[in-house]
Amino acid sequence: MDEVLGFLYPAALRAAADVQVADHLADGPRSPADLAAATGTDAGNLYRVLRLLATRGVLAEDEQGRFRLTEAGQALRSDAPYSARTAILMLTDRTMWLPANDMSRCLTEGGSAFAGIFGMPFFDHFAQAPRTAAVFHDGMAAMSDAENGPLAAAYDFPAAGTVVDVGGGHGGLLLEVLRRHPGLEGVLHDRSHVLAGHRLGGEEAVAGRWRTADGDFFASVPAGDLYLIKRILHDWDDEQSAVILSHCRRSLRPGGRILVLDAVVPPGNAPHQAKALDLMMMASLTGRERTEADFAALFETAGLRLSRVVPTSTVLSIVEAVAA
């Protein structure tokens with residue numbers, strides 16, 4: 001029963017993030033009535049949400065019935081370093097939530113449950129729903145901000161060359177790589193409406209070493225010495241992923257490398273975030289999280305060879321491919 005009722009915790013987490021409870025606890029403990037007045041919510045119902053969150057160590061209730069943020073709960077604040085608020089809103093958005101509820105359709109019919117609910121595939125829906133797309137891109141940027149530093153530090157980047165961030169969103173990872181390696185130049189590749197929100201232009205340390213490239217990775221990618229493909233391939237099935245990788249292989253300069261930054265599903269029965277994310281990919285998209293053997297087979301279809309897997313302190317690994 002505890003496992004079945006577990007879905008109510010992310011629901012409560014979303015509700016608290018949505019009304020920005022944590023922002024109103026930045027200065028210390030407050031009563032539910034005080035918080036309700038500050039957030040424009042119902043005091044009795046707000047208390048019930050806060051009480052559940054306190055059982056998971058996000059909040060703590062004192063003897064006076066006031067609530068405070070714990071160390072973990074500080075990440076819910078909008079102004080926190082590496083704030084998790086927008087990522088929570090993205091991962092609990094109805095585009096993720098409703099297909100997960102209809103996951104049995106994936107078992108009986110195969111494929112994703114998303115189109116049966118929303119009438120079209122995931123990214124087609126986003127193209128017609130700009131507010132939902134904004135939630136997605138903001139949430140992905142928040143997740144990336146917490147990962148980019150450790151990822152950039154975990155790999156031995158070359159001293160010179162051109163790094164192409166394929167489907168790189170707002171450019172957080174590319175920015176981190178360029179900061180650490182002043183001899184590198186970068187290309188941020190994505191659709192124009194995504195590139196409009198990039199963050200590369202505000203930092204003098206990388207000035208003159210980057211450019212944006214509007215495009216579709218299913219059609220082509222810019223030439224480069226090193227490709228970054230972060231949290232992209234897990235959105236797509238093997239055939240679609242092979243197309244992306246084939247374009248990278250075709251544009252890869254001699255001696256270059258392709259880095260896929262995705263979760264790698266470990267063997268065995270131990271819990272791992274990749275095993276949960278895999279079901280989200282199954283329900284909402286066409287993709288999957290992959291094992292090391294899955295990546296090796298996928299690379300082979302694109303004329304590549306898996307050369308090594310570099311673990312990082314994040315849930316993601318760096319899966320390196322070279323020309324076969």
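Before any of the text, the structure's been laid out above.
Let me sum up the structure you'll find in this document. Every value quoted in this text rests on a predicted model; they were computed, and no experiment measured them.

Calculation criteria
Residues numbered from 1 in each chain as written. Predicted model: local features only at pLDDT ≥ 70, side-chain atom pairs only at ≥ 80, totals over all residues. Heavy atoms only, no water. Helix = DSSP H or I, 4+ residues; strand = E, 2+ residues; numbered from the N terminus. Rg over C-alpha atoms; globule rule 2.2 N^0.38 Å. Buried < 20%, exposed > 50% of the residue type's maximum accessible area, 1.4 Å probe, protein only. Axes fitted to C-alpha atoms, helices over the stretch in contact; angles between N-to-C directions. Parallel < 35°, antiparallel > 145°, perpendicular 65-115°, else oblique. Left-handed = near helix turned anticlockwise from the far one by under 90°. Contact = heavy atoms within 4.5 Å. Nonpolar A, V, L, I, M, F, W, Y, C, P; charged D, E, K, R; others polar. Arc of directions from axis to C-beta. Phe/Tyr/Trp six-rings, centres within 6.5 Å; stacked < 30°, edge-to-face > 60°. Lys NZ or Arg CZ within 6 Å of the ring centre and 35° of its normal. Pairing = 2+ DSSP bridges. Core = buried A, V, L, I, M, F, W, Y, C linked by side-chain atoms within 4.5 Å.

Observations regarding the overall build of the protein
Reasoning step 1: Assigned secondary structure in the protein consists of 14 helices and 9 strands.
Reasoning step 2: Here the protein has a C-alpha radius of gyration of 21 Å; the compact-globule value for 324 residues is 20 Å, and the two agree.
Reasoning step 3: Projected onto its principal axes, the C-alpha positions of the protein cover 65 × 55 × 40 Å.
Reasoning step 4: Within the protein, the fraction of its 324 residues that count as buried is 47%.

Looking at the packing of helix α2 (residues 32-39) against helix α3 (residues 43-55)
Packed helix pairs are specified by the crossing angle of their axes together with the interaxial distance, meaning the distance between the axes.
Reasoning step 1: Packing of α2 against α3 leaves a shortest axis separation of 9 Å and a crossing angle of 110 degrees. On the basis of their axis angle, the class for α2 and α3 is roughly perpendicular. At the point where α2 passes α3, the crossing takes the right-handed sense. Across the interface between the two elements, Pro-32, Ala-33, Leu-35, Ala-36 and Thr-39 from α2 touch Ala-43, Leu-46, Tyr-47 and Leu-50 from α3.
Reasoning step 2: Residue composition of the contact of α2 with α3, by class: 8 nonpolar, 1 polar and no charged.

Here's the deal with helix α5 (residues 94-101)
Count 3.6 residues to each turn of an α-helix, and residues three or four apart come out pointing the same way.
Reasoning step 1: Of all the residues in α5, the buried ones are Thr-95, Met-96 and Pro-99. Projected onto a plane normal to the axis of α5, the buried residues spread over an arc of 100 degrees and lie on a single side. Exposed positions of α5 whose direction lies more than 90 degrees from the buried face are Arg-94 and Asn-101.
Reasoning step 2: On its buried side, α5 packs onto α4 (85-91), α7 (114-118), α8 (122-128), α9 (130-154) and α13 (273-284).

Thoughts on the packing of aromatic side chains
The description of an aromatic ring pair rests on the distance of the ring centres and on the angle between the ring planes.
Reasoning step 1: Enumeration according to the criterion identifies 15 aromatic pairs in this entry.
Reasoning step 2: Judged by centre distance (6.3 Å) and plane angle (80 degrees), the ring pair of Phe-123 and Phe-126 falls under edge-to-face. Of the two residues, Phe-123 and Phe-126 both sit in helix α8, 3 residues apart, roughly one turn of that helix.
Reasoning step 3: With relative accessibility at 28%, the residue Phe-123 sits in the partly exposed group.
Reasoning step 4: Residue classification places Phe-126 among the buried positions, given a relative accessible area of 7%.
Reasoning step 5: Of the aromatic side chains, those joined through ring pairs into one cluster are Phe-114, Phe-118, Phe-122, Phe-123, Phe-126, Phe-136, Phe-217, Phe-218 and Trp-236.
Reasoning step 6: If you follow Arg-56 out to its NZ or CZ, it ends over the ring of Tyr-9, 4.2 Å from the centre.

Here we look at the sheet that holds strand β6 (residues 224-230)
Reasoning step 1: Spatially, the 7 strands line up as an open sheet ordered β5-β4-β3-β6-β7-β9-β8, and their pairing is mixed. If you trace the sheet from one side to the other, it starts and ends with β5 (210-214) and β8 (304-311), each paired once. Strand-to-strand twist of the sheet, defined as the mean angle between neighbouring strand axes without regard to direction, takes the value 20 degrees.
Reasoning step 2: As defined by bridge partners, β8 adjoins strand β9 (residues 317-323) across 7 bridges and the pair is classed as antiparallel. In the sheet register, Val-310 faces β9, and the bridge partner there is Ile-318.
Reasoning step 3: Where α9 meets the sheet, it contacts β6, β7 (252-262), β8 and β9, and its direction lies at approximately 140 degrees from that of β6.

Concerning the nonpolar core
The nonpolar side chains of a soluble globular protein tend to be buried with one another.
Reasoning step 1: Among the nonpolar cores identified, the biggest contains 27 residues, and Val-166, Tyr-227, Ile-229, Leu-245, Ile-258, Val-260 and Phe-299 are the most heavily contacted of them.
Reasoning step 2: Sorting the residues of this core by element identifies β3 (161-166), β6, α12 (238-251), β7, α14 (292-301), β8 and β9 as the ones contributing at least two each.
Reasoning step 3: The biggest single contributor to this core is α12, with 4 residues.
Reasoning step 4: Not counting residues up to four positions away in its chain, the partners in contact with Ile-229 are Val-166, Leu-245, Cys-248, Ile-258, Leu-259, Val-260 and Leu-261.

Regarding the environment of Ala-87
Reasoning step 1: Structurally, the position occupied by Ala-87 is in helix α4.
Reasoning step 2: The buried category is assigned to Ala-87, whose relative accessible area is 8%.
Reasoning step 3: When the C-alpha positions of Ala-87 and Phe-136 are compared, they lie 8.1 Å apart, and in sequence the two are 49 residues distant.
Reasoning step 4: Beyond its immediate stretch of four places on either side in the chain, Ala-87 contacts Gly-139, Ala-142 and Met-143.

Considerations on the packing of helix α1 (residues 8-18) against α3
Reasoning step 1: At a closest axis distance of 9 Å, the pairing of α1 and α3 adopts a crossing angle of 120 degrees. Between α1 and α3, the angle is such that the two are oblique. Handedness of the crossing formed by α1 with α3: left-handed. Along its contact with α1, which presents Leu-8, Tyr-9, Ala-12, Leu-13 and Ala-16, the element α3 presents Val-49, Leu-52 and Leu-53.
Reasoning step 2: Here the contact of α1 with α3 is composed, by residue class, of 8 nonpolar, no polar and no charged.

Describing the environment of Arg-199
Reasoning step 1: Structurally, Arg-199 is set in the loop between α11 (192-195) and β5.
Reasoning step 2: Since its relative accessible area comes to 36%, Arg-199 is described here as partly exposed.
Reasoning step 3: Excluding residues within four positions of it along the chain, Arg-199 makes contact with Asp-145, His-170, Gly-172 and Leu-175.

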